[in-house]
Amino acid sequence: MKATQKLKEAIDAFFVRGCTATELYTRLLLECIRANDLDQVKRLQSHVEMQSVEPNNTYLQNRLLHLYVKSGKTNDALTLFDKMPSKDVFSWNVMLSAYSKMGETEKLQATFDKMPARDCISYNTTIAGLVGSGCCVDGLGFFVRMQRDGFEPSEYTYVSALNACSKLLDLRRGKQIHGRTVTSSSCKGNVFVSSALMDMYAKCGQVDQARWLFDQLSEKNVVLWNSMISGYLKNGCPEKCLDLFLEMKVAGVKPDLVTVSSVLGANFKSGFIDEATRIFKEIKEKDGVCWTTMIVGYAQNNKEEDAWMLFSEMLSENVKPDQYTISSVVSVCARLASLVHGKVIHSKAIHYGIESDLLVSSALIDMYSKCGETLDARKVFRLMPIRNVVSWNAMMTGYAQNGQDQEALELYQNMLQEKLKPDNITLVGVLYACSRSGSVELGKEYFSSISESHGMKPTLDHYSCMINLLGRPGRMDEAVDLINSLPEEPNYLIWSTLLSVARVNGDIERAEMAAKHLSELDPLETGPYIILSNMYASAGRWGKVALVRSLMKDKKIRKAPAYSWIEIDYKVHKFVSDDRSHLQNEEIYRKLDSLMKEIQKAGYVPDRHLALHDVGEDEKVESISYHSEKLALAYGLISKPHDRMPIRILKNLRVCKDCHMFMKFVSKLLERRIILRDSNLFHHFVDGQCSCKDYW
């Protein structure tokens, strides 16, 4: 601080005297550059420009040029560079560095081509800039050109070239470069070259070759251990990743945050969540990558509440989240349909200035859609400065899942008008919207356009949509014909789609055919057995019901329990059918019984056909009266009796017909909007109607 003050005083004295001595000016300017004091640099430059005596000192101007680039003042650097009467290789190299940092690959190459003379630094800067900006093929071209011009690549050159091969997954060229490093004196024992080689082999799927290289090295530092640990993780070998981590500790090498992040990821892939948590807690100084790894790990292992709590802790530790952290937490809110938490995260994204990031915006669109708030999702979509196909897909799917099929199809037309090429996911969303709206002929046109207009081959996902499109309105023969004409063997998705539409149509014969194929593909999957059993029960074929249940018992197949959950005041409450465990159990059942009586007066009749046991009529009614979604709704109503906000309920399985009818009657009776998200669709119940149009 004192040195800077003295420097300022010296410059003030220089101005007062009106001195224009080149030697003193040069000395003061150099002092400013050494101090990285751009403000004083500007003062000096303004003075000498007014005096028109700026000296032609290439060394001094190069230092100033370098300071501008280092400080991010690229425009000032360009202005100075253009004014310099004489430039040497260093001057040109500084400008190459500027364009490299900016990612201006075209200007980078053009500047290189204009250079009257070049050195190794020129090539290294250009190659590194191109590879770092993703122009890997061009970078490798300069690597060849460098050697052709008689320059020997340095260790920095080899690292950039190997990074290019890693990004391109070009194993053949990577091996060629590896061969050259063996004969290069600058590469022998170089940690960064060895690390780049290991990374290249690992990313190209040659993890054993990477390990061989690792084992040949002595004096291995943390960078090399990290490369090998990361290589195992990226190749789906989390156990070997953890084993190597133990070897690293035995070898006495202290792990850093990069090591820890990889090990945390390996534990989550391996299912060792408690171990990951223990390691995380032991880290004294955690960086953003560590926090994000843990948050993502919790989210991917169905520990949404832990992920949320950890994010809150991260903020309390003043660790700034990046776009990956924010998008991960937003996805957690989407899965929980937690609109309140989602809005909090949205505000955080705005606070940190990353709400317009493609990853964050797409996650926000998905979150608002899964909370049933497509208007908010559309606001985020409209405010995006740049949209990619992922953004369009998220918005389109959000509309389709919330029963806004026409909006989804209109958005697809807008996407085409924007000259954006749809991908497979886009067309799945479009066909799904056609299926939801019952637009069979339009769906057929879009299906044909996949190959005819977009040059893509329809996938089994597209065929599944078409089976759904045809089967739901009862065109089962066409749906089966389509399966028989498939260009490849039908997979689990195809047969489960046929089973689904057979259930909608009560087509037991087709359901039996689909269930047979599904049990062959996955003998232990419960879904086909449950659907078939339910269809038999609805048809009163109790002997068949007993047969299916006996078969499930013999194969030790258990039905996945149905449950629903609702968030009230930041806390999630979970219910199962006929649940009596809640602290407000008596109030919940009292409210539910009261609702039943009220809506029965309005015309609601319990659907006894949905009872899954051959019992008396009263017992049948009781067996369907206390399903988990009904209990969740009753709790929401007693918790927020005067709130006019929608009640949001999630269910892990498909909502039954009786609960669906129940929700419609309650929404009309109480004039309260209900949003129920089941495993298949979003249901918006308003004034006795559902957005699915009773078509789910």
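Our subject is the structure that appears above.
Residues numbered from 1 in each chain as written. Predicted model: local features only at pLDDT ≥ 70, side-chain atom pairs only at ≥ 80, totals over all residues. Heavy atoms only, no water.

J.: I tried to follow the pairing of strand β3 (residues 647-651) on my own but got confused; where do I start?
T.: In the case of a regular strand, side chains alternate between the two sheet surfaces. Within β3, 5 of the 5 residues are buried, leaving the element largely enclosed by the surrounding structure. Alternating positions in β3 separate into two faces, Ile647, Ile649 and Lys651 on one and Arg648 and Leu650 on the other, with burial throughout. Two strands pair when backbone bridges link them, and strand β1 (residues 563-568) and β3 are joined in this way by 2 bridges, in the antiparallel orientation. Residue pairing in the sheet places Ser564 in a bridge with Lys651 of β3. Two strands pair when backbone bridges link them, and β3 and strand β4 (residues 674-677) are joined in this way by 4 bridges, in the parallel orientation. Paired with Leu650 across the two strands is Arg677, which belongs to β4. Following the backbone out of β3, through helix α37 (residues 657-670) and into the adjacent parallel β4, one traces a crossover that is right-handed. (Buried < 20%, exposed > 50% of the residue type's maximum accessible area, 1.4 Å probe, protein only. Helix = DSSP H or I, 4+ residues; strand = E, 2+ residues; numbered from the N terminus. Pairing = 2+ DSSP bridges. Right-handed = clockwise from strand over helix to strand, strands pointing away.)

J.: Explain the packing of aromatic side chains to me, please; I cannot follow it from the model alone.
T.: Between two aromatic rings, the relevant description is the distance of the centres plus the angle of the planes. Under the defined criterion, the tally for this structure stands at 16 aromatic pairs. When the centroid spacing of 5.1 Å and the interplanar angle of 85° are considered together, the rings of Phe280 and Trp291 count as edge-to-face. Of the two residues, Phe280 sits in helix α17 (residues 273-282) while Trp291 sits in helix α18 (residues 288-300), which places them 11 residues apart along the sequence. On the basis of relative accessibility, which here comes to 4%, the residue Phe280 falls in the buried class. Residue classification places Trp291 among the buried residues on the basis of a relative accessible area of 3%. A network of ring pairs unites the aromatic residues Phe112, Tyr123, Phe142 and Phe151 as a single cluster. One residue, Lys286, lies across the ring of Phe280, its end atom 5.0 Å from the ring centre. (Phe/Tyr/Trp six-rings, centres within 6.5 Å; stacked < 30°, edge-to-face > 60°. Lys NZ or Arg CZ within 6 Å of the ring centre and 35° of its normal.)

J.: Whenever I open this one, the sheet that holds β4 confuses me. Can you help?
T.: Sheet strands pair by backbone hydrogen bonding; their relative direction is either parallel or antiparallel. Here we have 6 strands laid out as an open sheet, ordered β2-β1-β3-β4-β5-β6, and mixed in their pairing. At either margin of the open sheet sits one strand with a lone partner, and together these are β2 (571-576) and β6 (689-690). Docked against the sheet, helix α36 (residues 628-639) engages β1, β2, β3 and β4, running at close to 15° with respect to β1. (Contact = heavy atoms within 4.5 Å. Axes fitted to C-alpha atoms, helices over the stretch in contact; angles between N-to-C directions.)

J.: Whenever I open this one, the pattern of salt bridges confuses me. Can you help?
T.: Any two side chains of opposite charge can pair, on the condition that their charged atoms come close. This model, assessed by the stated rule, comprises 28 salt bridges. For Arg278, the salt bridge is made with Glu282, and the minimal N-O distance between the two is 2.5 Å. In this pair, Arg278 and Glu282 are both assigned in helix α17, 4 residues apart and thus about one turn of the helix distant. By relative accessible area, Glu282 is classed as exposed at 53%. In this structure, the salt-bridge partner of Asp578 is Arg580, at a minimum N-O distance of 3.1 Å. Its relative accessible area of 47% is what places Arg580 among the partly exposed residues. Counted as one network, the salt bridges with shared partners bring together Glu441, Lys444, Arg475 and Glu478. (Salt bridge = Lys/Arg side-chain N within 4 Å of Asp/Glu carboxyl O.)

J.: Help me out: how do you make sense of the pairing of strand β5 (residues 682-686) in this one?
T.: Burial within β5 is extensive, with 4 of its 5 residues counted as buried. For β4 and β5, the ladder comprises 4 bridges, and the chain directions are antiparallel. When the sheet's bridge partners are listed, Ile675 is paired in β5 with His684. In textbook terms, the turn of a hairpin is the stretch between consecutive antiparallel strands, and for β4 and β5 this stretch comprises 4 residues. When β5 meets β6, the two strands line up antiparallel, connected through 2 bridges. Opposite Val686, over in β6, you have Gln689 as the bridge partner. Turn length for the β5-β6 hairpin, with the two strands adjacent in sequence and antiparallel, is 2 residues, and the turn residue Asp687 shows positive phi of about 50°.

J.: What's the story with the packing of helix α25 (residues 405-417) against helix α26 (residues 424-437) in this structure? I'm lost.
T.: Two numbers describe a pair of packed helices, the interaxial angle and the distance between the axes. Relative orientation of the contacting elements α25 and α26 amounts to 145°, with a least axis distance of 9 Å. Both α25 and α26 take part in a crossing whose hand is left-handed. Only Thr426, Leu427, Val430, Ala433, Cys434, Arg436 and Ser437 of α26 make contact with α25, whose side of the interface consists of Asp405, Gln406, Ala408, Leu409, Tyr412 and Met415. Residue classes in the contact of α25 with α26 are distributed as 8 nonpolar, 3 polar and 2 charged. (Left-handed = near helix turned anticlockwise from the far one by under 90°. Nonpolar A, V, L, I, M, F, W, Y, C, P; charged D, E, K, R; others polar.)

J.: How should helix α10 (residues 155-168) be read in this particular structure?
T.: Along an α-helix, a turn takes 3.6 residues, which lines up residues three or four apart on a common side. With 14 residues, α10 should cover 20 Å at 1.5 Å per step; its first-to-last C-alpha distance of 20 Å lies within 8% of that length. Every buried residue of α10 is accounted for by Thr157, Tyr158, Ser160, Ala161, Leu162, Ala164, Cys165 and Ser166. In the core, the buried residues of α10 are packed alongside α8 (120-132), α9 (136-148), α11 (171-183) and α12 (191-203). (Expected span 1.5 Å × (residues − 1).)

J.: Would you take a moment to explain the side chain of Ser464 for this structure?
T.: Checked against the element boundaries, Ser464 lands in helix α28 (residues 460-471). On the basis of relative accessible area, Ser464 is assigned to the buried category, the value being 7%. When sequence neighbours within four positions are dropped, the list of residues in contact with Ser464 reads Leu493, Ile494 and Thr497.

J.: How should I be thinking about the nonpolar core in this particular structure?
T.: Across soluble globular proteins, you tend to see nonpolar side chains buried next to one another. Core analysis: the biggest nonpolar cluster contains 164 residues, and Phe311 and Met367 have the highest contact counts within it. Sort the elements by how many residues they give to this core and α12 lands first, with 8 residues. Those residues within four positions of Met367 in sequence are excluded, and the remaining contacts are Val330, Cys333, Ala334, Leu339, Gly342 and Lys343. With 32 residues, the next largest nonpolar core counts Ile599, Leu631, Leu633 and Trp696 among its residues. (Core = buried A, V, L, I, M, F, W, Y, C linked by side-chain atoms within 4.5 Å.)

J.: Is there a simple way to explain unusual backbone geometry in this structure?
T.: A negative phi holds for most residues other than glycine; trans holds for most peptide bonds. Its identity as a non-glycine residue notwithstanding, Asn302 has a phi of 60°, on the positive side. Positionally, Asn302 belongs in the loop between α18 and α19 (304-316). Residue Asn302 is classed as exposed on the basis of its relative accessible area of 61%. In this structure, Lys556 is a non-glycine residue whose phi angle is positive, near 60°. Structurally, Lys556 can be placed in the loop between α33 (542-554) and β1. Judged by relative accessible area, Lys556 falls into the exposed class, the value being 77%.

J.: How should the packing of α11 against α12 be read in this particular structure?
T.: One can describe the packing of α11 onto α12 by two numbers: an axis separation of 10 Å at closest approach and a directional angle of 155°. Of the possible angle classes, the one that applies to α11 and α12 is roughly antiparallel. α11 and α12 meet at a crossing whose hand is left-handed. Contacts between α11 and α12 involve Leu171, Gly174, Lys175, His178 and Thr181 from the former and Val193, Leu197, Met200 and Tyr201 from the latter. (Parallel < 35°, antiparallel > 145°, perpendicular 65-115°, else oblique.)

J.: Quick question: what am I supposed to make of the side chain of Ser391 here?
T.: Locating Ser391 in the fold gives a position in helix α24 (residues 389-401). When sequence neighbours within four positions are dropped, the list of residues in contact with Ser391 reads Leu358, Ser362, Ile365, Phe381 and Met384.

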